[in-house]
Amino acid sequence: MQISSSRSRARSRGRHAASSTLSVRGAVIAALFGSAISLAHAETPSFSALLARAQGSAPQLLEQAANVRAAQADVRQAGAWRNPTLDATFENLHAPESGGVSQRQDTYALTQVFELGGKRAARIEAEQHKAVATGTRERQARLTFATELALAYATAEAMQDRQAVAKAALERAGDDLRAAQALVKAGREAELRLAQARASAAAARAAQQSAAADATEALARLAALVGSPEPFTRIDHPFMARVAAAGTASGTAAATAAAWTPEQSPTLAAAAAERDALAAQVRVEQKRAIPDIGVSLGVRRFAWSSERAATVGVTASIPLFDRNRSGVDAARERANGAALRVEAARLDAVASHRAALAQATASEQRLQAAEEGETAALEAYRLGRIGYEAGKTPLLELLSIRRALADAQALTIDTRLARVRALAALSLAEGRLVFGEAP
């Protein structure tokens, strides 16, 4: 029995040595690979620098800028005058000659059509309102993009912090495993405790690899959002703590909400601009049935005398069959629908602001509670580790305390991310950026 137990311990020590060698090799390879990545790609800029860079690279913002330029071009085009028309009429071709003289007559006339009743002015006004609506939507898109960028940046930082927590948990699991090995070797713990410690270390290693994959994915999404051709490798400028501090320094969310009005909501502003544009289109449709006057000036040449005579003509469209009544009705109904959407947007803006304000207020309290819980869990693990090494705390209790510490740290990270999300939602509802950046 003693010989077999000594052989099993020898095999166990051999496996431990082999696993230690493999873990060291893995750590060296991971370090070299991480160094190669860090050399290949630059660090992630700060949020403000990244937001400024995205103005000229993000596809969403470039699309909105193109829409604004197109709307401005439509305004210029609306002010253009109607092109004149050149008419050429050849009469009496191959007609019988009178006294050997040709009866042919050639007439050349230039006709200019004039829009009456304020058609051109109404068209220009309608396009101007459309341009204002496009600009409002562009500002709304910039606010939304800045909010999405803040959330993506904070998410990448949160995943990076989770990776650091998982790495620290793996190191603690390794320390607990070595302590268990020492106690088993001294005969103070059973082999079962060593197997439990190994299982806990393996679970910590898997969690660390999963956290690293999540961090890589979040950084890749951040790079794609700003249109970066190269992926980011890590966040080197803390963002979540700065956002939380800015939200607290601003006198909490209730202080800024006191002076807020629904008209500051970007959604309501866009709906109102769309309503004004459709109302202006009603006036365009109402004037469409007004006749257009065409004035013609020309010259007529007589073949039998080669003499010329001036011609003057006036043309006008007669609204006999089409007075555009259905077009006016359709435009008016679209304007009525837009007005109803404005009222719906107003109610939605008020509801969204109230919900965002409640979430922002609650997130601050949740963050304080999570940070206090993390501090308590860290102290509990320190005391539990001391007790375990002294033989007063069971291994299972120590493993449970360590899991509680990892959960508390993860909860703090998630609460910080939720704080950023709540402040971002509140700032978007109020049409501003709480992060101190200009959209």
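Structure first, text after, so check above.
Computed from a prediction, not measured in an experiment: that's the story for all the values here.

> Describe the pairing of strand E4 (residues 308–316), and please don't skip the residues or the numbers.
Side-chain direction in a regular strand flips from residue to residue, so the side chains alternate between the two faces of the sheet. As paired strands, strand E3 (residues 293–302) and E4 are joined by nine bridges and run antiparallel to one another. The residue bridging Ser-296 from the neighbouring strand is Gly-313, located in E4. Counting the residues that bridge the hairpin from E3 to E4 gives five residues, and of these Ser-306 lies at a positive phi of roughly 55°.

> Give a description of the packing of aromatic side chains that names residues and reports values.
Overall, the coordinates contain four aromatic pairs when judged by the stated rule. Geometrically, the ring pair formed by Phe-90 and Tyr-108 is edge-to-face, given 6.0 Å between the ring centres and 85° between the ring planes. You can see Phe-90 sitting in strand E1 (residues 85–91) and its partner Tyr-108 sitting in strand E2 (residues 105–114), a full 18 residues away along the chain. Note on Tyr-153 and Phe-239: the rings are 5.4 Å apart at their centroids and 70° apart in plane angle, and the pair reads as edge-to-face. Note that Tyr-153 is positioned in helix H4 (residues 119–185) and Phe-239 in the loop between helix H5 (191–225) and helix H6 (240–249), a separation of 86 residues in sequence.

> Can you lay out the pattern of salt bridges for me, pointing to particular residues and giving the numbers?
Taken as a whole and judged by the stated rule, the model has 21 salt bridges. Across the pair Arg-346 and Glu-343 runs a salt bridge whose closest N-O atoms are separated by 3.9 Å. In this pair, Arg-346 and Glu-343 are both assigned in helix H9 (residues 325–389), three residues apart and thus about one turn of the helix distant. For Arg-346, a relative accessible area of 28% corresponds to the partly exposed category. Take Glu-343: its relative accessible area is 43%, and that puts it in the partly exposed class. Linking Glu-371 and Arg-416 is a salt bridge whose minimum nitrogen-to-oxygen distance equals 3.9 Å. Within this pair, whereas Glu-371 is found in helix H9, its partner Arg-416 is found in helix H10 (residues 395–429), the two being separated by 45 residues in sequence. On the basis of relative accessibility, which here comes to 30%, the residue Arg-416 falls in the partly exposed class.

> Describe the packing of H4 against H9, and please don't skip the residues or the numbers.
Packing of H4 against H9 leaves a shortest axis separation of 11 Å and a crossing angle of 15°. As far as their axial angle goes, H9 and H4 are roughly parallel. The handedness of the crossing between H4 and H9 comes out as left-handed. Of the residues in H9, those touching H4 at Arg-172, Asp-175, Asp-176, Ala-179, Ala-180 and Leu-183 are Leu-378, Tyr-381, Arg-385 and Tyr-388. Of the residues in the contact of H4 with H9, the class split is six nonpolar, no polar and four charged.

> Hey, could you go over the environment of Ala-173 for me, with residue numbers and the actual values?
Residue position: Ala-173 is located in helix H4. On the basis of relative accessible area, Ala-173 is assigned to the buried category, the value being 1%. Note: C-alpha distance between Ala-173 and Ala-197 (24 residues apart in sequence) is 7.4 Å. Setting aside residues no more than four positions away along its own chain, Ala-173 makes contact with Ser-200, Ala-201, Ala-204 and Arg-402.

> Requested: an account of the packing of helix H3 (residues 59–78) against H4, with residues and values cited.
Viewed as axis vectors pointing N to C, H3 and H4 meet at an angle of 170°, and their least axial separation amounts to 8 Å. In this view, H3 runs roughly antiparallel relative to H4, as classed from their interaxial angle.

> Describe the nonpolar core, naming the residues involved and giving the relevant values.
In this structure, Phe-145, Leu-149, Leu-222 and Phe-239 are the most contacted members of the largest nonpolar core, which totals 39 residues. Residue assignment for this core shows that the elements contributing at least two residues are helix H2 (47–54), H4, H5, H6, H9 and H10. Looking at which element gives the most residues to this core, the answer is H4, with twelve residues.

Scoring rules and cut-offs
- Residues numbered from 1 in each chain as written.
- Predicted model: local features only at pLDDT ≥ 70, side-chain atom pairs only at ≥ 80, totals over all residues.
- Heavy atoms only, no water.
- Pairing = 2+ DSSP bridges.
- Helix = DSSP H or I, 4+ residues; strand = E, 2+ residues; numbered from the N terminus.
- Phe/Tyr/Trp six-rings, centres within 6.5 Å; stacked < 30°, edge-to-face > 60°.
- Salt bridge = Lys/Arg side-chain N within 4 Å of Asp/Glu carboxyl O.
- Buried < 20%, exposed > 50% of the residue type's maximum accessible area, 1.4 Å probe, protein only.
- Axes fitted to C-alpha atoms, helices over the stretch in contact; angles between N-to-C directions.
- Parallel < 35°, antiparallel > 145°, perpendicular 65-115°, else oblique.
- Left-handed = near helix turned anticlockwise from the far one by under 90°.
- Contact = heavy atoms within 4.5 Å.
- Nonpolar A, V, L, I, M, F, W, Y, C, P; charged D, E, K, R; others polar.
- Core = buried A, V, L, I, M, F, W, Y, C linked by side-chain atoms within 4.5 Å.

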